[in-house]
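Chain and residue survey
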Amino acid sequence: MPSDRLGGADDPGPIRSEPGALLEHVVVAVFGIDGEDRVCYWGPGAQNLFGHEAGSVLTRPAAVLFPEPAPGDGSGTAAHLAERARTLGYWRVRLPALHRDGSVFDCGFRVFPMTGASGDSVVIGLASRGDELDRVKTNLSFLDALFETCPIGLVMLDEDLRYVHLNQALADMDGIPLDAHLGRPMADIMITSDGGEYQRMLRSVAEEGRTVIGTLVGLRTPGHPDRDQVRSVSLFPLSGAGDTRRGLGGLLLDVTDREQAILEATAARRRLALLDRAAAGIGTTLDLNTTARELVGAVVPEFCDASVVELVEWMDENEAFDPALPVTTRRIASGTTLPEPAVELVGGLEEVTYPPGSHIHQMLGTGRPLCFTVDEDFATRTVVHQERAQLLLDSGLTCILMAPLIARGTVQGIAMFGRSAARPAFAEEDLGLAGELASRAALCLDNARLYGKVRDIALTLQRALLPSAPATGPYVDISHRYLPGSRGTEVGGDWYDAITLPDDRVALVVGDVMGHGVPAAAAMGRLRITAMTIARHTAEPAALIEELDACAQEAGIEWATFLYLLYDPHTGRARIANAGHPPPLIRHRDGTVHAIGDVLGVPLGVGGVPYRSIEIEIPEGATVALYTDGLVEARGHDIDTGIDALRDQLRAPLGSLEEGVDRILANLLPDAATDDTVLVLARISAVPGRTPGTGTGSPRRASS
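Quick look at the structure, then. (Residues numbered from 1 in each chain as written. Predicted model: local features only at pLDDT ≥ 70, side-chain atom pairs only at ≥ 80, totals over all residues. Heavy atoms only, no water.)

Per the secondary structure count, the protein includes 20 helices and 28 strands. Counting the 704 residues in the protein, one finds 48% classified as buried. Across the protein, the fraction of contacts at a sequence separation of at least 24, relative to all contacts at a separation of at least 6, is 62%. Taken as a whole, the protein presents about 33,100 Å² of accessible surface, with 53% of it coming from carbon and sulfur. (Helix = DSSP H or I, 4+ residues; strand = E, 2+ residues; numbered from the N terminus. Buried < 20%, exposed > 50% of the residue type's maximum accessible area, 1.4 Å probe, protein only. Contact = heavy atoms within 4.5 Å. Areas by Shrake-Rupley, 256 points an atom, 1.4 Å probe, with all protein chains shown as cover.)

Below you can see the structure in the form of structure tokens.
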């Protein structure tokens, strides 16, 4: 036991129960009774409660703490108290106690036996005034009743703004079980759209000790994701008690009905935020399907539970809408957060036909967004097949909002938005929002569609002007590929050709006109046809390029690269002229690869600079690689790096030329190439009986 059992130490004052507003004034007296019912320990709070100093009470009978028993009561109160402690192990009782001044007061006792190191048993008693205990019980009962029955939401948060305690009223407001709150940040439950202002207010209460009274907050909760609420919030700091952590308390009252204006403002901000995100997120590419998916992604699940985008398949874009005819659409995007059969409903069709008299016809007739309830009449009038109609009725959708996608005065398509019973039906404001979204999406879709048309025209022209099967002689085997850039890039002016000339000669051609689209394709076609014509009458490559350069200047073609290789199988030699094009690569049968890079002139259309040609020997079985910069040039990388990569690819065994072309393209091109690409592989054979040369491929200037 502590040293003050003999009363020699300074009394530190009464031992109190846990610090706090309810218990900090409750004095607890600690004393001990030995086996002979005498006081053997007198704690610091006992003097305050009973009035006796330690020296005057230790070793005296414990009966001194109690009034004289009435005649016939037996052994007395102290002896009975010790006996019950030893018999029961723990006993709690309210008894009259005697103060040193002779006054009697009501006292609460808790007694229990303890055995010391020597084996002696001692009864330890804890005592407090009965009126103080009653006060604490009353206060605790009040708090319990307050948390259980108060209709106002009550909450305690720790300093990290996580739920520590709350009442059922607040759990009901949130639509989430009480236990599911505990330990979670308040931001996970009370979801606001105020840019973090509510969280900053909570933090200022916890960290700065501010008090907030009656602040109105607009919010949603995960338990009621479709219901906007307004709450009156009062917050106050909680000071740390003992080793407990700081935090804050709060009272929250649902005033949604009273504060409908705030609710409407919150909804308006949410709609504006959705429009802002949609404006930034729709139309990021010039691809129809991607644009449609961006619209669906913008509205599901924030605005609706399901959405589809369909393009109307008009026979003639300028034809007037006839409500007596069916409407056929092509579904290009869909999405839903609902389970089956809603997934099958929105994603199970690509082509949809709406019969005359459908609600689609009604919407197209007005040219404005319309909302309909999903019922038997709607399903029957809108869906052709009975199975699909039943799928719609079973999908969980209760209302559908339809909006026309109109651009340049023409209905491009339809956007549909569906909600389930878990959300409120579409309101008038939602019709306006759907119209804004549809208008934005329609312009983007129309741009993508028009771009697609122009690109298809350019690509068709490009492919029509390129040789489908370049002419080859018996001594040159050719494989070739032309790959247009990705959908985000217009068709360029890349081209290639193989021209059969007298005496078994073959001219290999590759070129690239600067620019994209129809003008580049048209310029490419003009240069290709001109080069083919000149090649039949001009034996010198440098002279051919000079003629082609003059043609380019006359046609206003400002920049085009061009490479011309003329191979003669009777001599095994080739003459090469180059107008600013990447150099050809020659792969020998032993796998060595070298570039012919010392014959480089300025591009076509520049003018004023003479061209020259060189002559090299191409060994039997060698493979010549011609290509455009789309294969070897990428943003952030030097073109020499790309040429080295192509050289590495050529060193590997080619197998057949077709396999080699495909392998090289697969290894060098990204998934979404940003430029057109041409690759031509030509394997060289010699005329039988030809006297072989050195086979080094060393160049020799032929003319300039």
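Continuing now.
What follows covers the pairing of strand S12 (residues 306-312). For S12, the buried fraction is high: seven of the seven residues fall into the buried class. Of the two faces of S12, the one holding Ala306, Val308, Glu310 and Val312 and the one holding Ser307, Val309 and Leu311 are both buried throughout. Inspection of the sheet shows S12 paired to strand S13 (residues 327-336) by seven bridges, in the antiparallel sense. Within S13, the position partnered with Ser307 by the bridge is Gly335. Note: S12 against strand S17 (residues 410-420), six bridges, orientation antiparallel. The residue of S17 that forms the bridge with Ser307 is Phe417. (Pairing = 2+ DSSP bridges.)

With that settled, consider the sheet that holds S12. Strand pairing in a sheet relies on backbone hydrogen bonds, with the paired strands running either antiparallel or parallel. Spatial ordering of the open sheet is given by S14-S13-S12-S17-S16-S15, a layout of six strands whose pairing is antiparallel. Both outer strands of the open sheet, strand S14 (351-354) and strand S15 (370-373), are each paired with one neighbouring strand and no more. Strand-to-strand twist of the sheet, defined as the mean angle between neighbouring strand axes without regard to direction, takes the value 30°. As judged from the four bridges shared by S13 and S14, these two strands associate in the antiparallel manner. (Axes fitted to C-alpha atoms, helices over the stretch in contact; angles between N-to-C directions.)

A separate point is the nonpolar core. Ranked by internal contacts, the top residues of the largest apolar core, which has 34 residues, are Leu295, Val299, Phe303, Val309, Leu405, Phe417 and Leu445. Elements that contribute at least two residues to this core include exactly helix H9 (260-281), helix H10 (288-299), S12, S13, strand S16 (397-407), S17 and helix H15 (428-465). The element best represented in this core is H15, accounting for ten residues. In terms of nonpolar packing, the next biggest core, distinct from the first, is built from 29 residues, Ala29, Val57, Ala62 and Phe66 among them. (Core = buried A, V, L, I, M, F, W, Y, C linked by side-chain atoms within 4.5 Å.)

Turning to the pattern of salt bridges, a few remarks are in order. If charged atoms from side chains of opposite charge come close, those side chains can pair. Going through the model one piece at a time under the given rule, you end up with 29 salt bridges. The closest approach of N and O atoms between Asp662 and Arg481, which form a salt bridge, is 3.0 Å. Of this pair, Asp662 sits in helix H20 (residues 657-668) while Arg481 sits in strand S18 (residues 476-483), placing them 181 residues apart in sequence. Using a relative accessible area of 41% as the deciding quantity, one classes Asp662 as partly exposed. Here Arg573 makes a salt bridge to Glu617, at a shortest N to O gap of 3.4 Å. One end of the pair, Arg573, is in strand S22 (residues 573-579); the other, Glu617, is in strand S25 (residues 613-617), with 44 residues separating them in the sequence. Taken as a pair, Arg573 and Glu617 share a single burial class, namely buried. (Salt bridge = Lys/Arg side-chain N within 4 Å of Asp/Glu carboxyl O.)

In this section: helix H17 (residues 541-555). With 15 residues, H17 ought to run about 21 Å at 1.5 Å a step, and its terminal C-alpha atoms sit 21 Å apart, in line with that. Inspection of H17 places Pro541, Ala542, Leu544, Ile545, Leu548, Asp549, Cys551 and Ala552 among the buried residues, and these make up the whole buried set. Taken from the residues just after H17, Gly556 is the one with a positive phi, measuring 80°. (Expected span 1.5 Å × (residues − 1).)

This part is about unusual backbone geometry. Here the amide bond leading from Val300 into Pro301 is cis, since omega sits at 10°, within 30 degrees of zero. Backbone torsion omega between Glu340 and Pro341 reads 10°, so that peptide bond is classified as cis. By the element assignment, Pro341 lies in the loop between S13 and helix H11 (342-347). Positive phi values are uncommon outside glycine, yet Asp37 reaches one of about 60°. Among the structural elements, Asp37 can be located in the loop between strand S2 (27-33) and strand S3 (39-42). We note that Thr59 has phi near 70°; this positive angle belongs to a residue other than glycine. Position of Thr59 among the secondary structure elements: in the loop between helix H2 (54-57) and helix H3 (77-88).

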